[in-house]
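If you want the building blocks of each chain, they are given just below.
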Amino acid sequence: MSNLSDLLPAGAGAKSATFTASGTLATGTTVALQSDGTVKEISATAIPETLGSATALSSPSSLDTVYVSAYDSANNAIVVPFRDPNDSFRGKAVVFTQSGTTTSVGTPVTFTSSTIYLAFGIVYDSNAGKVAIMYSDITNSSYIYCVVGTVSGASISFGTPVVAYSSGVSWGDQTGDDNVGAVFDSANNKVVFTFRDSSDQPRSIVGTISGTSISFGTSNLVNGQNSGQIASAYDVSAGKVIIAVDNNITGTGQLFAGTVSGTSITHASQTAFNGPQTVSDIGLTYVPDANLSVLVYRDVGGGSVGEAKTISYSGSSFTQGTTVTYGGSGAKEWNRVAYDSSAGKLVVAFRDAGDSNYGNYVVGTISGTDLTFGTQTRFEAASTNKITLSYNSTEQVTFIGYDDVGNSQRLTGISLQNESSNSGDFVGITDQAIADTATGSVVVEGGVITNSSLIDFAFSNGSSSVFESASTIDIDIAFDTSNQKVVICYKDQGNSNYGTAIVGTVSGESITFGSPTVFASVNAQYSKIAFDSTNNKVVINYIDGTNSDHAKAIVGTVSGTSISFGSATTYNTVAGAAYTAIVYDSGNNKFVVKCAESSAKYNVGTVSGTSISFGSQTSLAMQYDGSLVYDSVNGKVVSVYRDVGPNDYGKARVGTVSGTSISFGTDATFDSTAVDYVSAVYDTDKQKVVVAYHDVTAGDYGKGVVGTVSGTSISFGTPATFNAAGTDYIKTVYDSNINKPVVLYQDTGNSSYGTIVGATVSGTDITFSGEYVFLQATANRLTAGYDSTNNKIVTAYRDSDGSGYGTSVVISATDSLTTGSTYYVQDDGSLSTTSSSVTAGKALSSTTLLLKG
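Rules behind the numbers
Residues numbered from 1 in each chain as written. Predicted model: local features only at pLDDT ≥ 70, side-chain atom pairs only at ≥ 80, totals over all residues. Heavy atoms only, no water. Helix = DSSP H or I, 4+ residues; strand = E, 2+ residues; numbered from the N terminus. Buried < 20%, exposed > 50% of the residue type's maximum accessible area, 1.4 Å probe, protein only. Contact = heavy atoms within 4.5 Å. Areas by Shrake-Rupley, 256 points an atom, 1.4 Å probe, with all protein chains shown as cover. Lys, Arg positive; Asp, Glu negative; His and termini not counted. Charge placed at Lys NZ, Arg CZ, Asp CG, Glu CD. Pairing = 2+ DSSP bridges. Disulfide = S-S within 2.5 Å. Salt bridge = Lys/Arg side-chain N within 4 Å of Asp/Glu carboxyl O. Axes fitted to C-alpha atoms, helices over the stretch in contact; angles between N-to-C directions. Polar contact = N/O pair within 3.5 Å; in protein donor to acceptor, adjacent residues only side chain to side chain. pLDDT = per-residue confidence, 0-100. Phe/Tyr/Trp six-rings, centres within 6.5 Å; stacked < 30°, edge-to-face > 60°. Core = buried A, V, L, I, M, F, W, Y, C linked by side-chain atoms within 4.5 Å.

Caption draft 1: Layout of the overall build of the protein chain. Looking only at helices and strands, the protein chain has zero helices and 75 strands in total. On the principal axes, the C-alpha backbone points of the protein chain span a range of 100 × 70 × 50 Å. The buried share among the 853 residues of the protein chain stands at 56%. Taking all contacts inside the protein chain whose residues are at least 6 apart in sequence as the whole, residues at least 24 apart take part in 51%. Surface summary for the protein chain: the accessible area is close to 29,500 Å², and the carbon and sulfur share equals 41%. Side-chain charges of the protein chain comprise 41 positive and 70 negative groups, with the mean position of each set lying 4 Å from the other.

Laid out in structure tokens, this is it:
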């Protein structure tokens, strides 16, 4: 882009400028310049272009499908109408739903028992929250009818069809060469259909939805010439219905602007868009970010290549951008276009006669009135017909619907997620909070921004290091502050499942390891480890799977890069124990250990030399998973867990150690839905317990919640989501360098990559930073610890992409600038010393940044 100084208004002094905000902006927010001159937060995590798997309607197996669809934004659903040749050509519709790039399809619902023609029009009325479908009814004199549909989940119900135009038409006979333009006029809250009448002339009609019915005004001719295909879009900035048709007489493309008034529409500004060449297969969409429309079509007179141009309307005339081609050679048929507002990109889909009639798409970008397109990509490697596109703004994916000729003409849907990042349009950092659509100050190139929260969280990491070249599970980490070493315990599946430990030394963002030491020559399961800062020992709590699943603990002594162990002590002899936890109570110089069998068992342990002894056992109801946390301010042990009752709720209890026993208060619920992978840590700065877990009921989303201990009770704030996708193997760690908790997890919604977020506690509320991927591989059985000497987070995991080896990564976290360092804008809008293509500036202090200085 041009120098930032070229963008500044007079008097700005090349240090700050006033911009209008698109969305609410906090102070210290990195912002990108939009095409309309507003600024928007750079917050979209870099997303690669991803095409999901195709989903086909199983029944009927052969049908007359589809080249229209509508997105119902209130119900996050795509509605597709079709006629069913297996059921007397009756009109039906089906709902497609999307979750990311996963596409699902419901059961077809009949909206008319009449025999109908193939062409359809469909539009979503966001004011009424309904879809309207237009069709021609062969059974009823071929009149044009319209029916209103109401989406509920993955289904749809319909009102009674009404006559929209009482004159016989014959759309598309049996081939479906025609289509109907359908748009929602948001200024007038009307739907507008444009169709071909019995004289093959284009005609528009305005509809008003009320409840489950629709009424129409009088139709009006667009022009008096014959037309073939029709496409339409609603231009919000001009307040006009833009209509594109191919003229059956001359073959050229023509543009019209329609003006709605009440229940009527008038048309003006007939303009050729490809004269004198013949056109066909027209698609049209409106781009609100650029206040223009984009037209795509097949240039029949120019080799049938795919062509596109921008169309804008102002006053009483059209302005057309430069015509560009897309895709390679070969006829481009069934051209359809949609705008992805989250990525700021166009998607054009088509059948490519130059590629065996396979379904293809291209992605385009807009700069001013100019269009550019990338190379084409197949979405269906089989003959494809009758394509439709709809953009799903909730899931931020584009729905591609089509007739899969190679699969018995089944109606098929697939979802496309565009690559997304707006960091390249970085213009500056907000100097104040700015409300949506309000104006405010943005520090730009040459200016100095001072803000204590410029760096919310910034993460970096080193390369992975293998600590066990064999299959490794049941991993845990502790830090020996006396010897300044990381100790990892695990089950070595390459050595008879023996319990094993290894000592690691952190240097920078690297870690090296000594030799493994077996601490239990048995099938050692569910190992958990903690450090005794009084005796300078580690204690491992584990289950002896070789000996009836008895629960045991063993004391380890670190020396250099080695570790040695005393003899194990059994504290629970009931068969079937599992799901261990351990914590060191520094106030009482005791360990609290937990195991679960038919009930949860708690014991208090005392270390003496290389041994540990236990007092009496405390039993509670069955608990799975979870953590033990020591609240150093209140001198309490907090147990968080999944309550294995009828609902698997997330719960916690406060425990009080007295001598060699522990007692608990009543349980408190932190999430009254099913949970799993529960982990907790104590925030010593805020004096709160922070719990992270995945919410089974809410799609396994990762969530966090803040707990406050008072006496023998604990209360919780409102949970907050840190990852709106599948989230497994969650581990919380407190980073004492930045005085904040962090959460590490396996992000199953993103290829099971190892991911970390920072957490900020305020009262009983918690907020999370953007996600940082520290491992672009499967981070199975992920756990983590904190090296307080080197101020590093140390992870350990089973590398499922590397034969299940035990592997570790060292992560650095910061929440302030490093003086003298250059900072770069990342794809998610954060600032980091990690190099990118966009330089933010140089740090003058821990809170001050000279932009591009």
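Caption draft 2: The pairing of strand β59 (residues 661–664), seen in detail. Burial of β59 is one-sided: the residues Ile662 and Phe664 facing one way are buried, the residues Ser661 and Ser663 facing the other way are not. Pairing of strand β58 (residues 649–658) with β59, which is carried by four bridges, proceeds in the antiparallel orientation. Paired with Ser658 across the bridge in β59 is Ser661. In sequence, β58 turns back onto β59 through a hairpin of two residues, with Gly659 there showing a positive phi of about 65°.

Caption draft 3: Molecular detail of unusual backbone geometry. Residues other than glycine seldom take positive phi values, yet Asn739 does so here, at roughly 55°. Along the polypeptide, Asn739 turns up in the loop between β65 (727–735) and β66 (740–747).

Caption draft 4: Representation of the state of the cysteines within the structure. In total, this model carries zero disulfides according to the counting rule given. For Cys595, which is in no disulfide, the shortest distance to another cysteine sulfur is to Cys489 and amounts to 16 Å. Given the relative accessible area of 0%, Cys595 is considered buried.

Caption draft 5: Inspection of the environment of Leu25 at higher detail. Mapped onto the elements of the fold, Leu25 is located in the loop between β1 (16–22) and β2 (30–33). Taking the C-alpha atoms as reference points, Leu25 and Ser465, 440 residues apart in sequence, are found 40 Å from one another. The residues touching Leu25, leaving out its near neighbours within four places in the chain, are Val31, Val39, Lys40, Glu41, Thr430, Gln432, Ala433 and Ile434.

Caption draft 6: Broad picture of the sheet that holds strand β72 (residues 822–825). Pairing within the open sheet is antiparallel, and its five strands lie in the order β39-β75-β74-β72-β73. Two strands in the sheet have a free side with no partner beyond their single neighbour: β39 (448–450) and β73 (831–832). Sheet topology places β72 next to strand β74 (residues 839–843); three bridges connect them, and they run antiparallel. Looking across to β74, one finds that Tyr824 is bridged to Thr839.

Caption draft 7: Here's a closer look at the pattern of salt bridges. Taken as a whole, this structure holds 20 salt bridges when the rule is applied. Of the charged contacts, one joins Asp84 and Lys92 as a salt bridge, the two residues approaching to 2.9 Å between their closest N and O atoms. Owing to a relative accessible area of 3%, Asp84 belongs among the buried residues under this scheme. We note a salt bridge from Asp197 to Arg203, for which the minimum N-O separation is 3.2 Å. Taken as a pair, Asp197 and Arg203 share a single burial class, namely buried.

Caption draft 8: Inspection of the sheet that holds β1 at higher detail. Reading around the barrel, the five strands line up as β1-β3-β2-β37-β38 and close back on themselves, with mixed pairing between neighbours. Taking each pair of neighbouring strands and ignoring which way they run, the sheet shows an average axis angle of 55°. Pairing between strand β37 (residues 426–430) and strand β38 (residues 439–443): two bridges, direction antiparallel. Of the residues in β38, the one forming a bridge with Ile429 is Val443.

Caption draft 9: How the structure looks around the side chain of Glu380. Within the secondary structure, Glu380 is located in strand β34 (residues 377–392). Polar side-chain contacts of Glu380 include one of 2.6 Å to the side chain of Tyr402.

Caption draft 10: Inspection of the confidence of the model for the protein chain at higher detail. With 95% of its residues at a pLDDT of 70 or more, the protein chain has an overall mean of 90. Segment residues 173–177: pLDDT under 50, and 13 contacts once partners within four positions in sequence are set aside and those in other chains are kept.

Caption draft 11: Spatial organisation of the packing of aromatic side chains. Applying the stated criterion across every chain, the model contains 28 aromatic pairs. Ring geometry for Phe273 and Tyr297: centres 5.2 Å apart, planes at 55°, overall tilted. Of this pair, Phe273 sits in the loop between β24 (264–272) and β25 (279–287) while Tyr297 is found in strand β26 (residues 292–299), placing the two residues 24 residues apart along the sequence. Of the two residues, Phe273 and Tyr297, neither departs from the other in class, the shared state being buried. Centroid distance Tyr584 to Phe591: 5.1 Å. Interplanar angle 50°. Geometry classified as tilted. Accessibility classification places Tyr584 together with Phe591 in one group, the buried group. Chaining the aromatic ring pairs together yields one cluster made of Phe111, Phe120, Tyr135, Tyr145 and Phe158.

Caption draft 12: Summary view of the environment of Ile400. Along the chain, the position of Ile400 falls in strand β35 (residues 397–404). A relative accessible area of 0% means that Ile400 is categorised as buried. Between the C-alpha atom of Ile400 and that of Ala54, which follows or precedes it by 346 residues, the distance is 9.3 Å. Not counting residues within four places of it along the chain, the set of residues in contact with Ile400 comprises Ala349, Phe379, Ile387, Thr388, Leu389, Thr412, Gly413, Ile414 and Leu416.

Caption draft 13: Local environment of the nonpolar core. Residues Val79, Phe111, Ile133, Phe379 and Ile400 are the most contacted members of the largest nonpolar core, which totals 34 residues. Among all residues touching Phe111, those that are not within four sequence positions of it are Pro81, Gly91, Lys92, Ala93, Ile116, Phe120, Ile133, Tyr135, Val147, Phe158 and Pro161.

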